[in-house]
Amino acid sequence: MSMFVPEVCQAIIDEYAAEVIACPTTPAEWKEIANEFLGRWNFPHVCGALDGKHVACKCPPNTGSTYYNYEGFFSIVLMALVDADYKFIWLDVGPDGAASDAQIYNECELKEVLQNKTIGFPDPEPLPGDDRNMPYFFVADNAFQLRTDMMKPFPFRNMTVEERIFNYRLSRARRVVENAFGIMSQRFQILLSTMQHSPDNVRIIVQACVCLHNLMRIRYPNMNINQVDREDVENETIIPGEWRLGRNMLLDVVNVQGANRATVQGKRQRQYLKHYLNSAAGSVPWQMRMINPRRE
């Protein structure tokens, strides 16, 4: 089994990867993703949600603490960009677990094409109902650097109401990557265990899982409705997706490059987005209720 499982996984990657994991390269393709984020998650100009996931594995021989992560186990890291429909559109599989999300991102191809402007983003355009041009960007958590092409939450200490609303609206868009990781892990539960394979074979298995996850999202989209987090606006609650309950969903079918500081332009852009999402043009009727849920 240790010999044919990697071969089967590699065959899955060779057959489906080019078809089901396609990172946009043109402004029209990125704008299609941004329109879907706006329609489904009410956040404009978002071209993807970025995050990392640790996949546990046994300690490779003679590697010391190279694969030992801050959570206290050995792992490799899956860094991924997810669209509004929980599909993976870009991934970097295999950095050792001791590296942080920021370290991995600082050394990956995605950051390079963002910084040299060859990623193919649309030109800055006004937000809906506004007249000021706004760049397109990714959304991420506080592990990443705040830039005009990367929006992250405000610090949680001493937040104003407007900042809480911004963080809530951002979390709705960013939640897709957490849900994508959760759905895939519950469907292919080897991702929840400690893999007894070499790092190279773990990388192959993870890539195969991503391919099959995207394939199922594309071919059977209605099968996943209850698997993801949902909002009950009327009762002002978040309904956890089934992946959080531990259900087996297969049954349904190292060097940091510079300090991780926010750029001045990124701070200004986040401030403007905060004001926009609290304005008549950018607000939604239920956002105040969702950050101040009713107490029974």
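As the structure is a prediction and not an experimental result, all values here were calculated from the model.

Trainee: So what's going on with the overall build of the protein? Residues and values would help.
Mentor: Counting its regular elements, the protein contains 8 helices and 9 strands. Classification of the 296 residues of the protein by burial places 50% in the buried group.

Trainee: Explain the sheet that holds strand β6 (residues 137-139) to me, and be specific about the residues and the numbers.
Mentor: Reading across from one edge, β3-β2-β1-β6-β7 is the order of the 5 strands in this open sheet, with mixed pairing throughout. Each edge of the open sheet carries a strand with a single partner, namely β3 (88-96) and β7 (150-151). Together, β1 (46-56), β2 (75-82), β3 and β6 form the strand contacts of helix α2 (residues 27-41), whose direction differs from that of β1 by roughly 85°. Seen against the sheet, helix α5 (residues 161-187) touches β1, β2, β3, β6 and β7 and runs at an angle of roughly 40° to β1.

Trainee: Outline the packing of α2 against α5, listing residues and values.
Mentor: α5 packs onto α2 with a crossing angle of 110° between their chain directions and a minimal axis gap of 10 Å. Considering the angle they form, α2 stands roughly perpendicular to α5. Where α2 crosses over α5, the handedness of that crossing is right-handed. For the pair formed by α2 and α5, the contact residues are Phe 37, Arg 40 and Trp 41 on the first element and Arg 172, Ala 173 and Val 176 on the second. A per-class count over the contact of α2 with α5 returns 4 nonpolar, no polar and 2 charged.

Trainee: Break down the pairing of β1 for me, citing the residues and quoting the values.
Mentor: Most of β1 sits out of view: 11 of its 11 residues are buried. For β1 and β6, the ladder comprises 2 bridges, and the chain directions are parallel. The residue of β6 that forms the bridge with Val 46 is Phe 137. Of the strand pairs in this sheet, β1 and β2 are connected by 8 bridges, and their pairing is antiparallel.

Trainee: Hey, could you go over the packing of aromatic side chains for me, with residue numbers and the actual values?
Mentor: Counted according to the given criterion, the structure contains 11 aromatic pairs. When the ring of Tyr 105 is compared with that of Phe 144, the centres are 5.6 Å apart and the planes differ by 80°; the resulting orientation is edge-to-face. With Tyr 105 in helix α3 (residues 101-106) and Phe 144 in the loop between β6 and β7, this residue pair connects regions lying 39 residues apart in the sequence. Here Phe 144 falls in the buried class, since its relative accessible area comes to 1%. The structure contains a cluster of three or more aromatic residues connected by ring pairs, namely Phe 43, Phe 137, Phe 154 and Phe 166. The ring of Tyr 272 carries Arg 132 above its face, with NZ or CZ at 4.0 Å from the centroid. Directly above the aromatic system of Phe 154 lies the positively charged group of Arg 270, at a separation of 4.2 Å from the ring centroid.

Trainee: Account for the pattern of salt bridges, with residues named and values stated.
Mentor: One pass over the structure, following the stated rule, counts 8 salt bridges. When the shortest N-O distance is used, the salt bridge between Arg 40 and Asp 85 registers 2.8 Å. Pair noted here: Arg 40 is in helix α2 and Asp 85 is in the loop between β2 and β3, with a separation of 45 residues, a long-range link. What makes Arg 40 partly exposed here is its relative accessible area of 35%. Taking relative accessible area as the criterion, Asp 85 reaches 11% and is therefore assigned buried. A salt bridge links Lys 87 to Asp 85, with the shortest nitrogen-to-oxygen separation between them at 3.1 Å. Each of Glu 36, Arg 40, Asp 83, Asp 85, Lys 87 and Arg 217 takes part in one network of salt bridges that share partners.

Trainee: Any details on the nonpolar core? Residues and values, ideally.
Mentor: Judged by nonpolar contacts, the single largest core of 77 residues is most densely connected at Trp 30, Phe 43, Leu 50 and Phe 138. Looking at this core element by element, the count peaks at 9 residues for helix α6 (residues 199-219). Beyond its immediate sequence surroundings of up to four residues, Phe 138 is in contact with Trp 30, Cys 47, Gly 48, Leu 81, Leu 110, Leu 114, Ile 119, Phe 121, Asp 149, Met 150 and Met 151. In terms of nonpolar packing, the next biggest core, distinct from the first, is built from 6 residues, Ile 165, Tyr 168, Met 290 and Ile 291 among them.

Trainee: Explain the packing of helix α1 (residues 4-20) against α6 residue by residue, including any values.
Mentor: Look at α1 against α6: their axes get within 8 Å of each other, and the N-to-C directions meet at 45°. By the angle class used here, α1 and α6 are oblique. Once α1 is placed against α6, the crossing between them reads as left-handed. Residues Val 5, Pro 6, Cys 9, Gln 10, Ile 12, Ile 13, Tyr 16, Ala 17 and Val 20 of α1 form the contact with α6, whose own contacting residues are Asn 201, Ile 204, Ile 205, Gln 207, Ala 208, Cys 211, Leu 212, Asn 214, Leu 215, Ile 218 and Arg 219. Its residues assigned to classes, the contact of α1 with α6 shows 15 nonpolar, 4 polar and 1 charged.

Trainee: Tell me about a nonpolar patch on the surface, and name the residues and values.
Mentor: Taken together, the side chains of Met 1, Phe 4 and Val 8 make up a nonpolar region of the molecular surface, amounting to roughly 350 Å² of accessible area. Here Val 8 lies in helix α1.

Trainee: Account for the confidence of the model for the protein, naming residues and giving values.
Mentor: For the protein, mean pLDDT is 86; residues scoring 70 or higher make up 85% of the total. In this model residues 249-257 is a low-confidence stretch, pLDDT under 50, and it forms 24 contacts with partners more than four residues away in sequence or in other chains.

Calculation rules
- Residues numbered from 1 in each chain as written.
- Predicted model: local features only at pLDDT ≥ 70, side-chain atom pairs only at ≥ 80, totals over all residues.
- Heavy atoms only, no water.
- Helix = DSSP H or I, 4+ residues; strand = E, 2+ residues; numbered from the N terminus.
- Buried < 20%, exposed > 50% of the residue type's maximum accessible area, 1.4 Å probe, protein only.
- Pairing = 2+ DSSP bridges.
- Contact = heavy atoms within 4.5 Å.
- Axes fitted to C-alpha atoms, helices over the stretch in contact; angles between N-to-C directions.
- Parallel < 35°, antiparallel > 145°, perpendicular 65-115°, else oblique.
- Left-handed = near helix turned anticlockwise from the far one by under 90°.
- Nonpolar A, V, L, I, M, F, W, Y, C, P; charged D, E, K, R; others polar.
- Phe/Tyr/Trp six-rings, centres within 6.5 Å; stacked < 30°, edge-to-face > 60°.
- Lys NZ or Arg CZ within 6 Å of the ring centre and 35° of its normal.
- Salt bridge = Lys/Arg side-chain N within 4 Å of Asp/Glu carboxyl O.
- Core = buried A, V, L, I, M, F, W, Y, C linked by side-chain atoms within 4.5 Å.
- Patch = residues over 30% accessible without salt bridge, like charges linked within 9 Å, V, L, I, M, F, W, Y side chains within 5 Å.
- Areas by Shrake-Rupley, 256 points an atom, 1.4 Å probe, with all protein chains shown as cover.
- pLDDT = per-residue confidence, 0-100.

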